[in-house]
Amino acid sequence: MNKNMPFVFLVCSERSGSNLITRIIDSHPEFCGPSPSHLFRTFSRNLWRYGNIEEMENWHILCNDIVDFLNCQLGLWRTRFSMEQIVEEVEQHTLAAVIRYIYEAEACANRKSRLFVKENQTYSFLPFLLASFPDAKFVFMVRDPRDMSLSLKLSTATPGGVHRAARLWKTDQENSIEIYGFLRNMGRIWFIRYEDLLSNTSEELERLCHFLGVDYQTEMLDFYTDELTIKNSKRIEAWHNLENPILKNNFKKYRTGCSELEICYIESLCATEMEILGYRPDFECSNDLALLETQLLEYEENEAFKNIKDIGNDEKVIRADRISVIERIIKRRLWENSSDF
């Protein structure tokens, strides 16, 4: 296996076009962009629960949890792993070493030499990434919060409506803008808007590829023909559009999909971040956000979720298995027998 492959990490929110750009980059002959595993987020945040992983028992438990978590991830990979395989082949007892091994194995299975990793809330484990992948680059992708909120509102897999979605977008952008500031000055991050990617696809990809140190390839636009992409698009309801080519006008849908109340709430809550990121409001910002919020919550209780379709049974099983493994992880108390605290 080619050691120390270059890693690129995506900084994004849910429903921001993150899976689209990952599939596009995956179609480059040098890049492997697997469907999101969320290994980084899940285990970097909970590593302390495993105590001293230099101890063989704790190391085995961690590796077993990682394998179980991978086996119930939402998207399909080409590789499969066992706890015994990881214990035998990963020499360093560190989380970074085992995650690097897993991702590089997937890249090799796809005959690729670089990795593009989609995670949510990347800012929350950035110290781990900077310490463990010191040469990594980052791509900060953002989508109009009104369209992102509409997309989340229509998804049963992520309930909560516009109220939850807008607050999530605001929190993600507050933190992402902050890390963008110092990563930009280090020359390690690239900013791209979802809407620009759709409207000026080739030009945006050429600039992005230049930042990543590779040549732009027109075959990147054929991402939707990839066999694994097609399988994953049928597996998860929110990924259905991945089996289609770029939908150039797939934005500003909020103008017909959201009520004026919903749009006003999003624009008032997210006004600062929208201005920074180049999104113009449709309405004048309200001075009474608390009143808007009360009205929105009443509206969502009565109207917002009437026409949302349910996800399929197969996806329900996948998500239930995943939740079960996560619950097991956050109940770990191996640190109790450690002298670290």
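Our subject is the structure that appears above.
What comes next is a walk through the structure. Computed from a predicted structure; not experimentally measured. (Residues numbered from 1 in each chain as written. Predicted model: local features only at pLDDT ≥ 70, side-chain atom pairs only at ≥ 80, totals over all residues. Heavy atoms only, no water.)

## Thoughts on the overall build of the protein chain
Step number 1: In terms of helices and strands, the protein chain carries 16 helices and 5 strands.
Step number 2: Projected onto its principal axes, the C-alpha positions of the protein chain cover 60 × 50 × 45 Å.
Step number 3: Taking all 341 residues of the protein chain together, the buried fraction comes to 52%.
Step number 4: Once local pairs closer than 6 in sequence are excluded, the contacts in the protein chain between residues at least 24 apart make up 78%.
Step number 5: Looking at the protein chain as shown, the accessible area adds up to about 16100 Å², and 47% of this sits on carbon and sulfur atoms.
Step number 6: Between the mean site of the 41 positive side-chain charges and the mean site of the 53 negative ones, the protein chain shows a separation of 2 Å. (Helix = DSSP H or I, 4+ residues; strand = E, 2+ residues; numbered from the N terminus. Buried < 20%, exposed > 50% of the residue type's maximum accessible area, 1.4 Å probe, protein only. Contact = heavy atoms within 4.5 Å. Areas by Shrake-Rupley, 256 points an atom, 1.4 Å probe, with all protein chains shown as cover. Lys, Arg positive; Asp, Glu negative; His and termini not counted. Charge placed at Lys NZ, Arg CZ, Asp CG, Glu CD.)

## Things to note about the packing of helix α3 (residues 56-71) against helix α5 (residues 95-109)
In helix packing, the relevant descriptors are the interaxial angle and the interaxial distance, both defined with respect to the helix axes.
Step number 1: The N-to-C vectors of α3 and α5 enclose an angle of 35°; their axes lie 12 Å apart at closest approach. Two packed elements cross with a definite hand, and for α3 against α5 that hand is right-handed. Facing Trp59, Ile66 and Leu70 of α3, the residues of α5 in contact are Leu95, Val98 and Ile102.
Step number 2: Its residues assigned to classes, the contact of α3 with α5 comprises 6 nonpolar, no polar and no charged. (Axes fitted to C-alpha atoms, helices over the stretch in contact; angles between N-to-C directions. Left-handed = near helix turned anticlockwise from the far one by under 90°. Nonpolar A, V, L, I, M, F, W, Y, C, P; charged D, E, K, R; others polar.)

## Looking at the nonpolar core
Step number 1: Core analysis: the biggest nonpolar cluster contains 69 residues, and Phe40 and Ile102 have the highest contact counts within it.
Step number 2: In terms of residue count, the dominant contributor to this core is α5 (10 residues).
Step number 3: Ile25, Leu212, Ile236 and Leu242 belong to the second largest nonpolar core, which has 30 residues in total. (Core = buried A, V, L, I, M, F, W, Y, C linked by side-chain atoms within 4.5 Å.)

## As for the side chain of glutamine 73
Step number 1: With respect to the helices and strands, glutamine 73 occurs in the loop between α3 and α4 (83-89).
Step number 2: Leave out the neighbours within four places in its chain, and glutamine 73 touches Ser35, Pro36, Ser37, Arg235, Ile318 and Arg322.

## Quick word on the environment of arginine 114
Step number 1: In this fold, arginine 114 is placed in strand β3 (residues 114-118).
Step number 2: For arginine 114, a relative accessible area of 18% corresponds to the buried category.
Step number 3: Arginine 114 sits 10 residues away from glutamate 104 along the chain, and the two C-alpha atoms are 8.3 Å apart.
Step number 4: With near-sequence residues (within four places) excluded, arginine 114 lies in contact with Met5, Pro6, Glu30, Phe31, Cys32, Leu212, Gly213 and Val214.
Step number 5: Reaching out from arginine 114, the side chain makes a polar contact with the backbone oxygen of leucine 212 at a distance of 3.4 Å. (Polar contact = N/O pair within 3.5 Å; in protein donor to acceptor, adjacent residues only side chain to side chain.)

## Notes on helix α7 (residues 145-153)
Step number 1: For α7, a buried count of 9 out of 9 residues is recorded, marking the element as mostly surrounded by other parts of the structure.
Step number 2: Of all the residues in α7, the buried ones are Pro145, Arg146, Asp147, Met148, Ser149, Leu150, Ser151, Leu152 and Lys153.

## Some thoughts on the packing of aromatic side chains
Step number 1: Using the criterion set out here, one finds 17 aromatic pairs in the structure.
Step number 2: Residues phenylalanine 81 and tyrosine 101 carry aromatic rings whose centres are separated by 6.1 Å and whose planes lie at 65° to one another, so their mutual orientation is edge-to-face. In this pair, phenylalanine 81 is assigned in the loop between α3 and α4 and tyrosine 101 in helix α5, connecting sequence segments 20 residues apart. Tyrosine 101 shares its class with phenylalanine 81; the two are buried. (Phe/Tyr/Trp six-rings, centres within 6.5 Å; stacked < 30°, edge-to-face > 60°.)

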